[in-house]
Amino acid sequence: MKIVKGFRDILPYGNKNNESSFIWGSITDQLKRIMSSFNYEEIITPVVEYDSTFKKGIGEDTDIVSKEMYEFVLERDSSLPEGSQKYCLRPEGTAPIVRSVIENSLNKVKSINKLFYLGPMFRYERSQKGRYRMFHQIGAELIGSDQILYEVEMLEMAHKILKTLEIKRFSFQINSIGNQKSLNNIAEAVRIFVKKHKNTIEDNDYKILEKNPLRFLDKAIHKYEFDNIPKTVDYLDKKSLKRFNELIKILDNIKFPYQINNQLVRGIDYYNDLVFEATSKDLGAQDALLAGGRYDTLFEKFNKSETSSIGFAAGVERLILASNNNNLKNSLDFYIIFKEEDLVQDSLILAFKLRDLGFKVEIDLEKRSFIKQIKLADKSNAKRSIIISKNDFKKSDVTIKDMNSGEEKIINIRNNFQFFIELNKVESNA
Ligand code: HAM
């Protein structure tokens, strides 16, 4: 038996990238706390959607829809009439969130919905470091406002993720692509510009250009050292340019660390005006940590009226790869060691009590020898061991040993576990 290609197990003991389910859990907890601190609320949508959600939402000729979607029909449904909906594993989170907001009329519950999600996404891509066929995104969507200050808040939230995970070498790029008309003008300018350099361009890239110049800008232009590449800002209408300049002014005021990248366009069709991306040199070829932008027209693609919206998503695997905050240790608070075998039940009861108090406790229930238990405790990553012997236990005494310093002290546990309650208070405030 083998795992499916491009998919990964996340193991309790970690792997070569210092990734373990414990680190995974701590980092995803931190990410959720950041979202919550901005008062974004979690929305959980299914992993399976109808393919039309993405075909309409993302664009039929994007890479995601045309090459990377896991689409399927059930064998027992295979007699479905031509043109019936297929299922698919979601390749991204934004289109399903919009589908859910519409279907559940969330915009009637609140005029502005601040939503976040964390979950697996699926894309049939060539797998390599940082690029997997099943990966996880943490994403945020603000639905129902075109306020520039919400853009500032969204950028700040994305930046906070990078700061909290101690991602050091990143670049945060922003751009404006304007409305559909400006995008068409940019596409035409890119087509004319690149055609002048036709001889230096690889055939495949030229095909991309012919099909969609914006995809060329997104995927290929960085391979060539062209001067004077058309800048998206030169093709913006007055309103979009004004918005972008206002945003930049505020970002400068709050000293937000950004760079303008006038060639940044996104590989998904639903964006307008602000687009942004954070990349890290530490990631290698797949260097995008997070990306997003404004998508005011996505609701219209689902036959609803225009609804101003903005969002971003970060790849959790890539955040962990680039994080310098992932040497978190999964340590035990106590390893309980009993000297005589007939103390095993009392020891187990002590373990239950300590667990009730919130401590993480291990005890060897194979009833191995005292020496063997000491060795196991040494090997474990326990902060302390508790040694129970018959003589001491008669007086309700136990010995607590600090596994780092070797220091030992005798504690009486008759007195309502006061020592442990105090210890818990100190450690949970640390
Ligand atoms: P995206 O740029 O396709 O945007 O993906 C966002 C992030 O997901 C990327 O920057 C990257 O970190 C991660 N990612 C994408 N593909 C893979 C992969 N195969 N393996 C590992 N990580 C990957 C979106 O998905 C939009 N929905 C973002 C958005 C939200 N825009 C507005 N709201």
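About the criteria used
- Residues numbered from 1 in each chain as written.
- Predicted model: local features only at pLDDT ≥ 70, side-chain atom pairs only at ≥ 80, totals over all residues.
- Heavy atoms only, no water.
- Salt bridge = Lys/Arg side-chain N within 4 Å of Asp/Glu carboxyl O.
- Helix = DSSP H or I, 4+ residues; strand = E, 2+ residues; numbered from the N terminus.
- Buried < 20%, exposed > 50% of the residue type's maximum accessible area, 1.4 Å probe, protein only.
- Near = heavy atom within 4 Å.
- Polar contact = N/O pair within 3.5 Å; in protein donor to acceptor, adjacent residues only side chain to side chain.
- Areas by Shrake-Rupley, 256 points an atom, 1.4 Å probe, with all protein chains shown as cover.
- Nonpolar A, V, L, I, M, F, W, Y, C, P; charged D, E, K, R; others polar.
- Contact = heavy atoms within 4.5 Å.
- Pairing = 2+ DSSP bridges.
- Axes fitted to C-alpha atoms, helices over the stretch in contact; angles between N-to-C directions.
- Core = buried A, V, L, I, M, F, W, Y, C linked by side-chain atoms within 4.5 Å.
- Phe/Tyr/Trp six-rings, centres within 6.5 Å; stacked < 30°, edge-to-face > 60°.
- Lys NZ or Arg CZ within 6 Å of the ring centre and 35° of its normal.

Visitor: Before we go on, may I ask you to explain the pattern of salt bridges in this structure?
Guide: Working definition: two side chains of opposite charge can pair if their charged atoms are close together. Under the defined criterion, the tally for this structure stands at 30 salt bridges. Close ionic contact of K223 with E202 constitutes a salt bridge, the shortest N to O distance being 3.9 Å. Taken together, the residues span a long stretch of sequence, with K223 in the loop between α9 (213–219) and α10 (238–253) and E202 in the loop between α7 (180–195) and α8 (203–211) at a distance of 21 residues. Exposure remark for K223: the relative accessible area of 44% places this residue in the partly exposed category.

Visitor: Help me understand the site of the ligand in this model?
Guide: The immediate surroundings of the ligand are formed by 26 residues, with E92, E125, R266, Y271 and A288 found nearest. One of the backbone N or O atoms of Y132 is found 2.9 Å from a nitrogen atom in the ligand. One nitrogen or oxygen atom from the side chain of E141 is found 2.9 Å from a nitrogen atom belonging to the ligand. Coverage of the ligand by the protein amounts to 96% of the 660 Å² it exposes when considered alone. If you list the elements that add at least two residues to the shell around the ligand, you get β6 (134–143), β10 (288–294) and β11 (309–315). At five residues, β10 tops the list of elements feeding residues into the shell around the ligand. Across the shell around the ligand, the residue classes tally to 13 nonpolar, six polar and seven charged.

Visitor: Sorry, what's going on with the environment of Q173 here?
Guide: Looking at where Q173 falls in the secondary structure, it is placed in strand β7 (residues 170–176). With a relative accessible area of 14%, Q173 lands in the buried category. Put simply, Q173 and K401 are 228 residues apart on the chain and 52 Å apart in space, counted from C-alpha to C-alpha. When sequence neighbours within four positions are dropped, the list of residues in contact with Q173 reads Q259, N261, L264, V275, F276, E277 and T279.

Visitor: How should I be thinking about the sheet that holds strand β3 (residues 70–72) in this particular structure?
Guide: By way of backbone hydrogen bonds, the strands of a sheet pair with one another, either parallel or antiparallel. Here three strands make up an open sheet; going across it, the order is β2-β4-β3 and the pairing antiparallel. Edge positions in the sheet fall to β2 (48–50) and β3, since each has one partner strand and no second. Sheet twist, expressed as the mean angle between neighbouring strand axes with direction ignored, is 35 degrees. One ladder, built from three bridges, connects β2 with strand β4 (residues 87–89); its direction is antiparallel. Paired with Y50 across the strands is Y87, a residue of β4.

Visitor: I tried to follow the nonpolar core on my own but got confused; where do I start?
Guide: General note: in soluble globular proteins, nonpolar side chains tend to be found buried as a group. The biggest cluster of nonpolar side chains holds 46 residues, and the ones touching the most others in it are I143 and F216. No other element matches the six residues that α7 contributes to this core. Membership of the second largest hydrophobic core comes to 45 residues, among which are I23, F38, L165 and V316.

Visitor: Any chance you could explain the packing of aromatic side chains here in plain terms?
Guide: Describing an aromatic ring pair means giving the distance of the ring centres and the angle of the ring planes. Overall, the coordinates contain 18 aromatic pairs when judged by the stated rule. Between F193 and F226 the ring centres are 5.7 Å apart and the planes differ by 80 degrees, which places this aromatic pair in the edge-to-face class. Here F193, found in helix α7, pairs with F226, found in the loop between α9 and α10; they are 33 residues apart in sequence, far enough to count as distant. The same class applies to F193 as to F226, namely buried. For the pair Y224 and F226, a centre-to-centre distance of 5.5 Å together with 10 degrees between the ring planes defines the contact as stacked. On the accessibility criterion, F226 (12% relative accessible area) is buried. Taken together, the ring pairs connect F334, F359, F417, F419 and F420 into an aromatic cluster. Sitting above the plane of the Y132 ring, R8 keeps its charged end 4.3 Å from the centroid. Of note, R133 hangs over the ring of Y124, and the distance from its end group to the ring centre comes to 4.1 Å.

Visitor: Any chance you could explain the pairing of β11 here in plain terms?
Guide: One face of the sheet, then the other: side chains in a regular strand alternate in exactly this way. Most of β11 is tucked away: seven of the seven residues are buried. Here β11 shows two buried faces, one formed by S309, G311, A313 and G315 and the other by I310, F312 and A314. Two strands pair when backbone bridges link them, and β6 and β11 are joined in this way by seven bridges, in the antiparallel orientation. Counterpart to I143 in the pairing with β11 is S309. Bridge count between β10 and β11: five bridges; the pairing is antiparallel. In the strand pairing of β11, G293 is matched with G311.

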